[in-house]
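# Per-entry structural report
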Amino acid sequence: MTRDATMLDLRTVDKLLTTTHSVRKRLDLKRPVEPEVIERCLEIALHAPTGGNRQGWHFVLVTDTGKRAQIAEHYRQSWYAYDASRPSRATAAMRSDPKVAAQTMRVRDSAQYLADHMQDVPVLVLPCIEGRAGDPSAATQAGLYGSILPAAWSFMLALRARGLGAAWTTLHLTYEKEVAALLGIPDNITQAALLPVAYFTGADFQPAKRLPAKNVTYWNRWGATRGGG
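Residues numbered from 1 in each chain as written. Predicted model: local features only at pLDDT ≥ 70, side-chain atom pairs only at ≥ 80, totals over all residues. Heavy atoms only, no water.

All right, on to the environment of Leu-126 then. Relative to the elements of secondary structure, Leu-126 occurs in strand β2 (residues 123-130). We classify Leu-126 as buried; its relative accessible area is 0%. Remark: the alpha-carbon pair of Leu-126 and Gln-191, spanning 65 residues in sequence, is separated by 6.6 Å. Leave out the neighbours within four places in its chain, and Leu-126 touches His-58, Phe-59, Val-60, Val-62, His-172, Val-179, Leu-183, Gln-191, Ala-193 and Leu-194. (Helix = DSSP H or I, 4+ residues; strand = E, 2+ residues; numbered from the N terminus. Buried < 20%, exposed > 50% of the residue type's maximum accessible area, 1.4 Å probe, protein only. Contact = heavy atoms within 4.5 Å.)

Attention shifts here to the packing of helix α3 (residues 35-45) against helix α8 (residues 149-161). Where α3 meets α8, the axes come as close as 8 Å, and the angle between the chain directions of the two elements is 135 degrees. Here α3 lies oblique to α8, going by the angle between them. Where α3 crosses over α8, the handedness of that crossing is right-handed. Residues Ile-38, Cys-41, Leu-42, Ile-44 and Ala-45 of α3 lie in contact with α8, whose contacting residues are Ala-151, Ser-154, Phe-155, Ala-158 and Leu-159. (Axes fitted to C-alpha atoms, helices over the stretch in contact; angles between N-to-C directions. Parallel < 35°, antiparallel > 145°, perpendicular 65-115°, else oblique. Left-handed = near helix turned anticlockwise from the far one by under 90°.)

The next thing to look at is the pairing of strand β5 (residues 195-199). Of all the 5 residues making up β5, 5 are buried; the element is thus mostly covered by neighbouring parts of the structure. Strand direction decides the pairing type here: β2 and β5, joined by 3 bridges, are antiparallel. Within the sheet, the bridge partner assigned to Val-123 lies in β5 and is Val-197. Of the pairings in the sheet, the one linking strand β3 (residues 164-166) to β5 comprises 3 bridges and is antiparallel in character. Looking at β5, one finds that Ala-166 is bridged to Val-197. (Pairing = 2+ DSSP bridges.)

Pairing is possible between side chains that carry opposite charge, provided their charged atoms lie close to one another. Considering all chains together, one arrives at 6 salt bridges under this definition. Its salt-bridge partner being Glu-73, residue Arg-76 comes within 3.1 Å of it at the nearest N-O pair. Separated by 3 residues within a single helix, Arg-76 and Glu-73 lie in helix α4 (residues 65-84), roughly one turn from each other. Take Glu-73: its relative accessible area is 35%, and that puts it in the partly exposed class. Beyond isolated ion pairs, a larger network of salt bridges with shared partners links Lys-15, Arg-160 and Asp-204. (Salt bridge = Lys/Arg side-chain N within 4 Å of Asp/Glu carboxyl O.)

Another aspect to go through is a negative patch on the surface. Judged by side-chain charge, Glu-34, Glu-36, Glu-39 and Glu-43 come together as a negatively charged surface patch. Positionally, Glu-34 belongs in the loop between α2 (10-19) and α3. (Patch = residues over 30% accessible without salt bridge, like charges linked within 9 Å, V, L, I, M, F, W, Y side chains within 5 Å. Areas by Shrake-Rupley, 256 points an atom, 1.4 Å probe, with all protein chains shown as cover. Lys, Arg positive; Asp, Glu negative; His and termini not counted. Charge placed at Lys NZ, Arg CZ, Asp CG, Glu CD.)

Quick look at the side chain of Gln-191 now. Within the secondary structure, Gln-191 sits in strand β4 (residues 189-191). Relative accessible area serves as the criterion here: at 2%, Gln-191 is assigned to the buried category. A distance of 3.1 Å separates the side chain of Gln-191 from the backbone oxygen of Glu-176, its partner in a polar contact. Setting aside residues no more than four positions away along its own chain, Gln-191 makes contact with Leu-126, Pro-127, Cys-128, His-172, Leu-173, Glu-176, Val-179, Ala-180 and Ile-185. (Polar contact = N/O pair within 3.5 Å; in protein donor to acceptor, adjacent residues only side chain to side chain.)

Written out as structure tokens, the structure is:
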């Protein structure tokens, strides 16, 4: 272990990594977000890896009330269409595992809240990357999105460390062209996500419930456990 690594407070780092997740109902819709805080978090985010070190990333910050309202309306339309397509899956989950069903409904209620209040979030952030996913190959898709998603996630981590939250959303992409026209985003730019950003209310966050890593980890071939051959 290097000297630099030993200088890190692993408890703090681990807490940051395990308690950064999508914030919806606890976004503070009344407290302004200082532009300097967003800009600092973006400076940190741009230390993330990017394909070929091209650094073709861009972040569009939307604070204008009218534009936030228009983006929120596109998001809502997409959310309601998506939500209407899910009843059969929710019913199946409820029948098979009540705990899973309860968690599904909590997430659904939280997502509904965000859809209803998207226009009230102080800052909407759109991480973008130069290029379009015209080539459907796995390598091209991975290279394109892999050059922006790490930076967007680092941005969320930097926000979390400063008492702000965000929610990872992509439903607005149903109306990507309309949003691009609204914000003047060039045709050769791909929007990767929509992050509603605000200070969060309440005290702190607990780690989200996740499957144990061993349940989804394989060694040397699919399905093989460590030491299992």
